[in-house]
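Single-letter residue listing:
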Amino acid sequence: MHFRNFDYIFGSLIACVADSKIFSQPEIRTRFEALFKKYDKDVTFQYFKSFKRIRINFSNPLSAADVKIRLHKTEFLGKELKLYFAQSLHIGSPHLAPPAPEKQFLISPPSSPPVGWTQADDATPAINYDLLYAISKLGPGDQYELHAATETTPSVVVHVCETDEAHEALEDGEAAKKPKPKIIQTRRPDYVPTYQS
């Protein structure tokens, strides 16, 4: 038989252990390991207590096959010892794949656009004529209530700034004569909790 094409996974066995003493008592663990060290002195063990399994890694696949034939369904601590070849499942590449290509085209323009990709034109901005008309009606120094107060919310009032004369006065040095306007804080409405009993 030709074993040169064996994959490295055939160099490992999984032992199904019914007795959990092997995971907690070192002397039983030493007896268990001695069973396999007769066939391969470089054997290593990985203990999975929650699965009641032990992975046994051999230095070559021939030792693993020999142990599988000789020790499968033998007794250890009065229980049957079952041995299976370790299987690995490879789905595609073991590395993370890059994101799907459509996710990369959110960058405008993409770093490497696909064939036939063209830059999308920006949409024409929408002009709200009602808003422009309302802004043109605002006069300097006036107050406009945008939202009336309710029992639980305050009102929203817009205070329009003075004309550009204030800026000209600042440049002429007259700002020192004019008092700084005081900002009046909006009072929070009274909140009366409603309890239902």
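Residues numbered from 1 in each chain as written. Predicted model: local features only at pLDDT ≥ 70, side-chain atom pairs only at ≥ 80, totals over all residues. Heavy atoms only, no water.

An unreviewed UniProt entry lists the protein chain under the name Calcipressin-1, with Varanus komodoensis given as the organism. UniProt, in its Sequence similarities (unreviewed entry) section for the protein chain, records the words "Belongs to the RCAN family." The UniProt entry for the protein chain carries the following comment under Function (unreviewed entry): "Inhibits calcineurin-dependent transcriptional responses by binding to the catalytic domain of calcineurin A. Could play a role during central nervous system development." (UniProt positions renumbered as here; feature names shortened; annotations may be inferred.)

Asks: With reference to specific residues and values, describe the overall build of the protein chain.
Replies: For the protein chain, the helix and strand inventory stands at six helices and seven strands. Reading the helices (α) and strands (β) of the protein chain from amino to carboxyl end gives β-α-α-β-β-α-β-β-α-α-β-β-α. Per-residue burial over the protein chain gives 16% buried out of 197 residues. Of the contacts formed within the protein chain by residues at least 6 apart in sequence, a portion of 48% connects residues at least 24 apart. Carbon and sulfur atoms provide 56% of the accessible area of the protein chain, an area that totals close to 16,900 Å². (Helix = DSSP H or I, 4+ residues; strand = E, 2+ residues; numbered from the N terminus. Buried < 20%, exposed > 50% of the residue type's maximum accessible area, 1.4 Å probe, protein only. Contact = heavy atoms within 4.5 Å. Areas by Shrake-Rupley, 256 points an atom, 1.4 Å probe, with all protein chains shown as cover.)

Asks: Lay out the sheet that holds strand β4 (residues 74-76) with the relevant residues and their values.
Replies: Strand order in this open sheet of five strands is β2-β3-β1-β5-β4, and the pairing throughout is antiparallel. The sheet is open, and its two edges are formed by β2 (44-48) and β4, each paired on a single side. The sheet shows a mean angle of 35° between the axes of neighbouring strands, direction not considered. Two strands pair when backbone bridges link them, and strand β1 (residues 12-16) and strand β3 (residues 53-57) are joined in this way by five bridges, in the antiparallel orientation. Its bridge partner lying in β3, Ser12 is registered against Asn57. Taken strand by strand, helix α2 (residues 26-37) contacts β1, β2, β3, β4 and β5 (79-85), and its axis lies near 135° from that of β2. Across the sheet, helix α3 (residues 61-71) lies against β1, β4 and β5, angled at about 150° from β5, the strand it touches most. (Pairing = 2+ DSSP bridges. Axes fitted to C-alpha atoms, helices over the stretch in contact; angles between N-to-C directions.)

Asks: Describe α3, listing the residues and the values that go with them.
Replies: Residues Ser63, Ala64, Val67 and Leu71 constitute the buried set of α3. Seen along its axis, α3 keeps its buried residues to an arc of 100°; they face one direction. Considering only its buried residues, α3 is in contact with β1, α2, β4 and β5. Immediately beyond the C-terminal end of α3, within one or two residues, lies Lys73, with a positive phi of roughly 65°. (Arc of directions from axis to C-beta.)

Asks: Any details on the nonpolar core? Residues and values, ideally.
Replies: The biggest cluster of nonpolar side chains holds 19 residues, and the ones touching the most others in it are Ile22, Phe32, Phe36, Ile54, Ile56, Phe58 and Leu83. Mapped by element, the contributors of at least two residues to this core are β1, α1 (21-24), α2, β3, α3 and β5. Residues contacting Ile56, with those up to four places away along its chain left out, are Gly11, Ser12, Leu13, Ala15, Phe32, Phe36, Val43, Thr44, Phe45 and Leu83. (Core = buried A, V, L, I, M, F, W, Y, C linked by side-chain atoms within 4.5 Å.)

Asks: So what about the pattern of salt bridges? Which residues, and what values?
Replies: Pairs can form between side chains of opposite charge once their charged atoms are near each other. Counting across every chain of the model gives three salt bridges. A salt bridge links Arg70 to Asp66, with the nearest nitrogen and oxygen atoms 2.8 Å apart. Here the residue Arg70 and the residue Asp66 both occupy positions in helix α3, the gap between them amounting to four residues, near one helical turn. The exposure class assigned to Asp66 is partly exposed, which follows from its relative accessible area of 28%. (Salt bridge = Lys/Arg side-chain N within 4 Å of Asp/Glu carboxyl O.)

Asks: Please provide a residue-by-residue account of unusual backbone geometry, values included.
Replies: Negative phi values dominate among residues other than glycine, just as trans dominates among peptide bonds. You will see that Lys52, though not glycine, has its phi angle at about 55°, which is positive. Note on placement: Lys52 falls in the loop between β2 and β3. Phi is positive for Leu77, close to 60°, though the residue is something other than glycine. The class of Leu77 is partly exposed, set by a relative accessible area of 28%.

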